[in-house]
Amino acid sequence: MSNLLASKVAIVTGAAGGLGKAITKALLNAGAAVLIIDINATMLKEAKAELSTLGEVHDICADLTQAAATQDTVKAAVDKYGKLDILINNAGVMDTFTPIGDVELDYWDRIISIDLTIAARMSKFAVQEFLRPGRPGPQGGVILNVGSINGLRGGLAGAAYTTAKHALVGLTRSTAAHYATKGIRANIIMPGLMETNIRTAYVNGVHEEGKTLAFSLLGQNPATVNIEKLGKLVAFTCSDDADYLNGAIISTDCGWQAI
Ligand SMILES: NC(=O)c1ccc[n+]([C@@H]2O[C@H](COP(=O)([O-])OP(=O)(O)OC[C@H]3O[C@@H](n4cnc5c(N)ncnc54)[C@H](O)[C@@H]3O)[C@@H](O)[C@H]2O)c1
């Protein structure tokens, strides 16, 4: 327990399990109040019960691809806690390793919507709140995007997921560049393999050739990233002790990208 994020208010998307829950734990342990949001009602309920033992948590069950859901989520944080200081764009789904020539266009739209557009919409409304005249405390805030090694390499997933994660780097840099003088920071972590529920995508309906390529590259670095440790890095990155970090693309992959 620290007071690194005391009096800060955070939103974590996709927080019912996996990395999102681990990040929420670290934010709570650092003293933040956290609004968690996820599409999975059962897991969200379980996560809320577990996380509430650590600090102040509010939960919302919603599909963030729905038109009003992102704006409503930011509004809910402000209604509940009076402000928003930190946005963690974590919600995501893996794709089926399908290369561009074989991808169904509806499927492309769905993956881009979840893995990129949710983060863009959440960022838009968070930035508006960070800059709201009269908000409690100074204007500004922090956005932390959850990218992937797939935002740096091309053969480890299908075209849609790889494209979305590369685009998140652009969203991060654009946000950092445009708002650096306005007290807003945006950074992105690029995790390697993590033991989470996202791996269920590896099982059903995969593109066999794409999966074979990914798994051959996967053999280069079988190390997995510990989500509890990564959560702590995220909490630090969002704290004022890391106020020099802006527009950073942070490799968190046990050295995989370096190979
Ligand atoms: N697990 C890995 O190996 C790995 C590697 C690199 C990056 N990532 C990234 O980490 C992030 C977290 O994923 P994870 O590995 O913890 O997987 P996870 O499946 O455990 O968590 C993702 C969460 O996002 C939620 N979600 C999905 N669609 C949503 C929607 N439309 N609205 C609201 N919530 C939604 C899911 O219900 C789930 O709880 C993702 O952005 C993922 O791309 C994962």
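Details of the structure are given in the entry above.
This report concerns the structure included in the present document. (Residues numbered from 1 in each chain as written. Predicted model: local features only at pLDDT ≥ 70, side-chain atom pairs only at ≥ 80, totals over all residues. Heavy atoms only, no water.)

Some remarks on unusual backbone geometry
To be explicit about the condition: Helix and strand assignments come from DSSP, with helices taken as H or I runs of at least 4 residues and strands as E runs of at least 2, each series counted from the N terminus. Think of it in three bands: residues with accessible area under 20% of the maximum for their type are buried, residues over 50% are exposed, and the middle band is partly exposed, with areas taken using a 1.4 Å probe on protein chains only.
The backbone phi angle of F97 is positive, close to 65 degrees, even though this residue is not glycine. On the secondary structure map, F97 appears in the loop between β4 (86-89) and α4 (105-130). Taking the relative accessible area as the measure of exposure, F97 reaches 2% and is therefore buried. In this structure, C254 takes a positive phi of about 55 degrees despite not being glycine. Assignment of secondary structure puts C254 in the segment after β7 (249-252).

Details of the nonpolar core
To keep it simple, the criterion reads: Within this scheme, the nonpolar core is defined by two criteria: the residues are buried Ala, Val, Leu, Ile, Met, Phe, Trp, Tyr or Cys, and they are joined through side-chain atoms within 4.5 Å. Only heavy atoms matter for contacts: two residues are in contact if any of them lie within 4.5 Å across the pair.
Grouped together as the largest cluster of nonpolar side chains are 36 residues, with contacts concentrated most on L19, I23, L27, V34, I88 and I189. Here this core takes six residues from helix α1 (residues 18-29), the largest share from any one element. If we ignore the near neighbours within four places in the chain, the residues touching I189 are L19, L144, N145, V146, G147, S148, L230, V234, I250 and T252. Membership of the second largest hydrophobic core comes to 25 residues, among which are I60, L64, A69 and V74.

Overview of a negative patch on the surface
To keep it simple, the criterion reads: Patches draw on residues past 30% relative accessible area with no salt bridge. Two like charges within 9 Å are joined, as are two nonpolar side chains (Val, Leu, Ile, Met, Phe, Trp, Tyr) within 5 Å. Per-residue and other accessible areas follow the Shrake-Rupley method at a 1.4 Å probe size, with only the shown protein chains counted as cover for residues. Should a side-chain nitrogen of Lys or Arg be within 4 Å of a carboxyl oxygen of Asp or Glu, the pair is scored as a salt bridge. Think of it this way: Lys and Arg go in the positive column, Asp and Glu in the negative one, and His and the chain ends go nowhere. The location of each charge is read from NZ of Lys, CZ of Arg, CG of Asp or CD of Glu.
On the surface, D102, E104, D106, D109 and E209 cluster together into a negatively charged patch. Locating D102 in the fold gives a position in the loop between β4 and α4.

Some remarks on the sheet that holds β4
Operational definition: Here a strand pair is declared whenever DSSP counts at least two bridges between the two strands. Only the contacting stretch of a helix is used when fitting its axis, a line to C-alpha atoms as for every element, and angles between N-to-C directions run 0 to 180 degrees.
An order of β3-β2-β1-β4-β5-β6-β7 is seen for the seven strands of this open sheet, with the pairing classed as parallel. Each edge of the sheet is formed by a strand with only one pairing partner; in this case those strands are β3 (57-61) and β7. For this sheet, the mean angle separating the axes of adjacent strands, direction not counted, is 15 degrees. Note that strand β2 (residues 33-38) and β3 share five bridges and pair parallel. Each bridged residue has a counterpart across the sheet, and for V34 the counterpart in β3 is V57. Docked against the sheet, helix α2 (residues 41-51) engages β2 and β3, running at close to 180 degrees with respect to β3.

Focus on the packing of helix α3 (residues 69-81) against α4
Note the cut-off: Crossings are sorted by hand: turned counterclockwise from the far helix by less than a right angle, the near helix makes the crossing left-handed, and turned clockwise it makes it right-handed.
For the pair α3 and α4, interaxial distance at closest approach is 8 Å and the crossing angle is 40 degrees. Along this stretch, α3 crosses α4, giving a crossing that reads as right-handed. For the pair α3 and α4, the contacting residues are T70, Q71, T73, V74 and V78 in the first and I118, R121, M122, F125, A126 and E129 in the second.

Remarks on the packing of α1 against helix α7 (residues 227-237)
What counts is decided by this rule: Each angle is binned into one of four classes, with values under 35 degrees roughly parallel, values over 145 roughly antiparallel, values of 65 to 115 roughly perpendicular, and all other values oblique. By the convention adopted, Pro, Cys, Tyr, Trp, Phe, Met, Ile, Leu, Val and Ala count as nonpolar, Lys, Arg, Asp and Glu as charged, and the other residues, Gly among them, as polar.
Between α1 and α7, the least distance of the axes is 8 Å, while the angle of their chain directions is 55 degrees. One finds that α1 runs oblique with respect to α7. The hand of the α1/α7 crossing is right-handed. Of the residues in α7, those in contact with G18, L19, A22, I23, K25, A26 and L27 of α1 are I227, E228, L230, G231, K232, V234 and A235. For the contact of α1 with α7, the per-class residue count stands at nine nonpolar, two polar and three charged.

The quantities given are spatial measurements derived from coordinates; they are silent on function.
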